[in-house]
Amino acid sequence: MTGSNENILHYVDGPLFVIKLNKPQSLNSLTGLDYLRLAELVDKADNEPNTYFTVLQSTGRFFSSGADFGDISSKAQSQTNETELEKWLTNFLSRNVYVTSVFNRHKKILICCLNGPAVGLSAALCALCDLVYAMNDKVFLKYPFMELGLVMEGGTSVTLPSKLSSNQVTDTVLFNKNMTYEQLQGRIVTRNYNLNDANEFNERIIKDLKSRSKDIYLPSILGVKKLIAANYVDSVHRANSLEATDALSFWLRGEPQRRFQILKAKLRKHKM
Ligand code: CO8
């Protein structure tokens, strides 16, 4: 499996396959390899015969601050024999398309436990989950694609307008606003635990899911997932391909790399 075991932990507990981001010191920013490892674990959960719920959890004050700006800057500066097209096909397009499609085709119930904000591609993956639980009303999702010289990605051109109002999404994404708990409540976030401690929040969810799953015939829930997913899976696959190929032209202009470098140099940070 790709990447370090320490950055993303996982374990199986009865019908649950729990995946936990474990880089709180960088607010759970993820390198290209971390995103690949996350996708591999999600796929592993899909292939575990006794898994019905794939639970994404995290640590510290953010669920995830998105793509690691240091990683992208070092890829941008690396001197290789590759053309820019080859470099960004590998480091952007193929990874983004793969990670997004692994989430989109997942057959188990995908649950995102927001202990804090999620940004960028990680926030896009959150919008691909079937259930999203919030630790409290301070959580938000942020899609700073405009500020980074990018376009929508991770299926968000379909998932966000289908879950929220289309004009609200346009306003939020175009002007780099946070998607607040008030906007997410009942649309993306399905339950608020009203807690302040990430460990307690994570443990409560595991306990709740185990207790709730005792009373249901588990194979039926996969049948429900399959039927609901039939409404959107193809649209997200199509959007994933369009989004990534459109974004590639921005990478070839060099604008995202320039803006990630500014973040890395700490000359600027997103308004929260
Ligand atoms: N990458 C690397 N390190 C990060 C990141 C990140 N994305 N976010 C935070 N950190 C680090 C900070 O550098 C800091 O480290 P240190 O303590 O060593 O200085 C630590 O985490 C804490 O961060 P802050 O001090 O900045 O915490 P604040 O609460 O003041 O600010 C923010 C939080 C506003 C989230 C701020 O950290 C920020 O703006 N981060 C950048 C977020 C971002 O733009 N992410 C990328 C989103 S776009 C995306 O995900 C799609 C990219 C597609 C390419 C994928 C290729 C595979």
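Keep in mind the model is a prediction, meaning the values are calculated, not measured.

Caption draft 1: Examining the overall build of the protein chain more closely. Helix and strand counts for the protein chain stand at 11 helices and nine strands. Against the 2.2 N^0.38 benchmark of 19 Å for 272 residues, the protein chain shows a C-alpha radius of gyration of 18 Å, consistent with a compact globule. In terms of principal-axis extent, the alpha carbons of the protein chain reach across some 55 × 35 × 35 Å. The long-range fraction of contacts in the protein chain, counting pairs at least 24 apart against all pairs at least 6 apart in sequence, stands at 79%.

Caption draft 2: How the structure looks around the confidence of the model for the protein chain. Across the protein chain, the average pLDDT comes to 96, with 99% of residues at or above 70. This complex was scored by the predictor with a pTM of 0.97 and an ipTM of 0.98.

Caption draft 3: Quick peek at the pairing of strand S2 (residues 16-21). Among the six residues that make up S2, five are buried, leaving the element largely enclosed by the rest of the structure. Pairing geometry for strand S1 (residues 8-13) and S2, over six bridges, is antiparallel. Directly across from Ile 8, in S2, lies its bridge partner Leu 21. A loop of two residues connects S1 with S2, the two strands running antiparallel in sequence, and Gly 14 in this loop sits at a positive phi of about 60°. Sheet analysis places S2 next to strand S3 (residues 53-57), joined by five bridges and oriented parallel. Bridge pairing in S3 places Leu 16 opposite Phe 53. Read as a crossover between parallel neighbours, the route from S2 over helix H1 (residues 32-47) to S3 is right-handed.

Caption draft 4: Spotlight on the pairing of S3. Across the five residues of S3, five count as buried, placing the element largely inside the fold. Of the two faces of S3, the one lined by Phe 53, Val 55 and Gln 57 and the one lined by Thr 54 and Leu 56 are each fully buried. With four bridges joining them, S3 and strand S4 (residues 109-114) adopt parallel strand pairing. When the sheet's bridge partners are listed, Thr 54 is paired in S4 with Leu 110.

Caption draft 5: Representation of the environment of Tyr 181 within the structure. Mapping Tyr 181 onto the fold places it in helix H7 (residues 181-184). With 47 residues separating them along the chain, Tyr 181 and Ala 134 place their C-alpha atoms 8.5 Å apart. Once residues within four sequence positions are removed from consideration, Tyr 181 is found in contact with Ala 134, Asp 137, Val 139, Phe 140 and Val 189.

Caption draft 6: Main features of the sheet that holds strand S8 (residues 178-179). In space, the three strands of this open sheet follow the order S5-S7-S8, with mixed pairing throughout. Both outer strands of the open sheet, strand S5 (118-119) and S8, are each paired with one neighbouring strand and no more. Strand direction decides the pairing type here: S5 and strand S7 (residues 141-142), joined by two bridges, are parallel. Its bridge partner lying in S7, Val 119 is registered against Lys 142.

Caption draft 7: Quick look at the sheet that holds strand S9 (residues 189-192). The mixed open sheet is built from six strands, whose spatial order is S1-S2-S3-S4-S6-S9. Unpaired on one side and paired on the other, S1 and S9 mark the two borders of the sheet. When strand polarity is set aside, the average angle formed by the axes of neighbouring strands in this sheet is 20°. In this sheet, S9 lies alongside strand S6 (residues 131-134) in parallel orientation, the contact comprising three bridges. Pairing of Val 132 across the sheet is with Val 189, part of S9.

Caption draft 8: Quick look at the packing of helix H5 (residues 156-163) against helix H10 (residues 233-253). For the pair H5 and H10, the least separation of the axes is 8 Å and the interaxial angle reads 130°. Here H5 lies oblique to H10, going by the angle between them. In this structure, H5 uses Ser 157, Val 158 and Thr 159 to contact H10, whose residues at the interface are Ser 235, Val 236, Ala 239 and Glu 243. Considering only residue class, the contact of H5 with H10 consists of three nonpolar, three polar and one charged.

Thresholds, definitions, all that
- Residues numbered from 1 in each chain as written.
- Predicted model: local features only at pLDDT ≥ 70, side-chain atom pairs only at ≥ 80, totals over all residues.
- Helix = DSSP H or I, 4+ residues; strand = E, 2+ residues; numbered from the N terminus.
- Rg over C-alpha atoms; globule rule 2.2 N^0.38 Å.
- Contact = placed C-beta atoms within 7 Å.
- pLDDT = per-residue confidence, 0-100.
- Buried ≥ 20, exposed ≤ 12 C-beta atoms within 10 Å, placed from the backbone.
- Pairing = 2+ DSSP bridges.
- Right-handed = clockwise from strand over helix to strand, strands pointing away.
- Axes fitted to C-alpha atoms, helices over the stretch in contact; angles between N-to-C directions.
- Parallel < 35°, antiparallel > 145°, perpendicular 65-115°, else oblique.
- Nonpolar A, V, L, I, M, F, W, Y, C, P; charged D, E, K, R; others polar.

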